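The primary structure of each chain is shown beneath.
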Amino acid sequence: IDYYMEGGLMRDMFTHKITTPDHWYMLMQPTRYSKDEMTYDQIVGNDTIVTPSYDPHCINDVSGGCEPLEIISAEKLVELSTGPAEGRKIAKALENRTGIEDWLIEEDAWECIWTELIVNKKGLKTFIDREGINERDYNFSEEMLREMIIELNRLVDKYSGDDWNMKKTAQYLVQFLKE
């Protein structure tokens, strides 16, 4: 989440510290290096002052950079009470985009398309159409659950802080994470 919210800023995913491009590229190859081989302290050094760097893909290949225009909740997208509004957010994010504006349907049809795809199930299958696995079937250890809660709290604290509380995407992210 930090990667996108910060526009591709290179951070160590374990310590959340800003990292060097060399360390970043190691982190992007998790099958080549073990976690112990690429610790922040070992590769960068805890006392090193690191100049912020951004993923070149976000600078060179993604128009407007990697920072999200909008945050969409898949769970809300498929709910009857919130789905049309979430679908509208997708359409608004695509509106007037080069290469898309000729293909985006008229606004008055957006809710109708959502109804056909989600309610009438005339599109491809979604995660709600999966058979055999229910949410209650996932079995996380106490340690895993504790780590997930720590990360959720970290994200809520960070994105509700003074540096972020004026950004619409951060406000929605915090709201969504608190649900």
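Residues numbered from 1 in each chain as written. Predicted model: local features only at pLDDT ≥ 70, side-chain atom pairs only at ≥ 80, totals over all residues. Heavy atoms only, no water.

> Help me understand helix H6 (residues 83-94) in this model?
In an α-helix there are 3.6 residues to a turn, and that puts residues three or four apart on one side. Between its first and last C-alpha atoms H6 spans 17 Å; for 12 residues at 1.5 Å apiece the expected length is 16 Å, and the two agree. Listed in full, the buried residues belonging to H6 are Gly83, Glu86, Gly87, Lys89 and Ala91. Contacts from the buried residues of H6 go to helix H5 (74-77), helix H7 (110-119) and helix H9 (168-178). Asn96 sits one or two residues past H6 and shows a positive phi near 65 degrees. (Helix = DSSP H or I, 4+ residues; strand = E, 2+ residues; numbered from the N terminus. Expected span 1.5 Å × (residues − 1). Buried < 20%, exposed > 50% of the residue type's maximum accessible area, 1.4 Å probe, protein only. Contact = heavy atoms within 4.5 Å.)

> Would you mind going over the pattern of salt bridges with me for this structure?
If charged atoms from side chains of opposite charge come close, those side chains can pair. Inspection of every chain in the model, using the stated rule, returns 15 salt bridges. The residue Glu6 makes a salt bridge to Lys158 at a minimum N-O spacing of 2.8 Å. Linking Glu6 in the loop between helix H1 (2-5) and helix H2 (21-27) with Lys158 in helix H8 (residues 142-159), this pair joins segments that are 152 residues apart in sequence. For Glu6, a relative accessible area of 12% gives the class buried. Taking the shortest distance from any N to any O, the salt bridge between Lys89 and Glu70 comes out at 3.8 Å. (Salt bridge = Lys/Arg side-chain N within 4 Å of Asp/Glu carboxyl O.)

> Would you take a moment to explain the state of the cysteines for this structure?
Disulfides are covalent bonds that link the sulfur atoms of two cysteine residues. By the definition in use, this model includes one disulfide. Between the sulfur atoms of Cys58 and its disulfide mate Cys66 the distance is 1.9 Å. On the sign convention where negative means left-handed, the S-S torsion of about -95 degrees between Cys58 and Cys66 marks this disulfide as left-handed. Looking at Cys66, the relative accessible area reads 9%, which means it is buried. (Disulfide = S-S within 2.5 Å.)

> It is not clear to me how unusual backbone geometry should be interpreted in this structure. Could you clarify?
Apart from glycine, the bulk of residues carry a negative phi angle, and the bulk of peptide bonds sit in the trans form. If you check the backbone angles, Asn96 has positive phi at about 65 degrees while not being a glycine. A positive phi angle, close to 55 degrees, is found at Lys121, a residue other than glycine.

> Which parts of the structure should I look at to understand the packing of H8 against H9?
The relative placement of two packed helices is expressed as an angle between their axes plus a distance between the axes. Running from N to C, H8 and H9 point in directions that differ by 150 degrees, and their axes come no closer than 9 Å. Judged on the interaxial angle alone, H9 and H8 are roughly antiparallel. Classified by chirality, the crossing of H9 by H8 is left-handed. In this structure, H8 contributes Leu152, Leu155, Val156 and Tyr159 to the contact, and H9 contributes Ala170, Leu173, Val174, Leu177 and Lys178. Residue composition of the contact of H8 with H9, by class: eight nonpolar, no polar and one charged. (Axes fitted to C-alpha atoms, helices over the stretch in contact; angles between N-to-C directions. Parallel < 35°, antiparallel > 145°, perpendicular 65-115°, else oblique. Left-handed = near helix turned anticlockwise from the far one by under 90°. Nonpolar A, V, L, I, M, F, W, Y, C, P; charged D, E, K, R; others polar.)

Interpretation note: all reported values are geometric properties and have no functional meaning in isolation.
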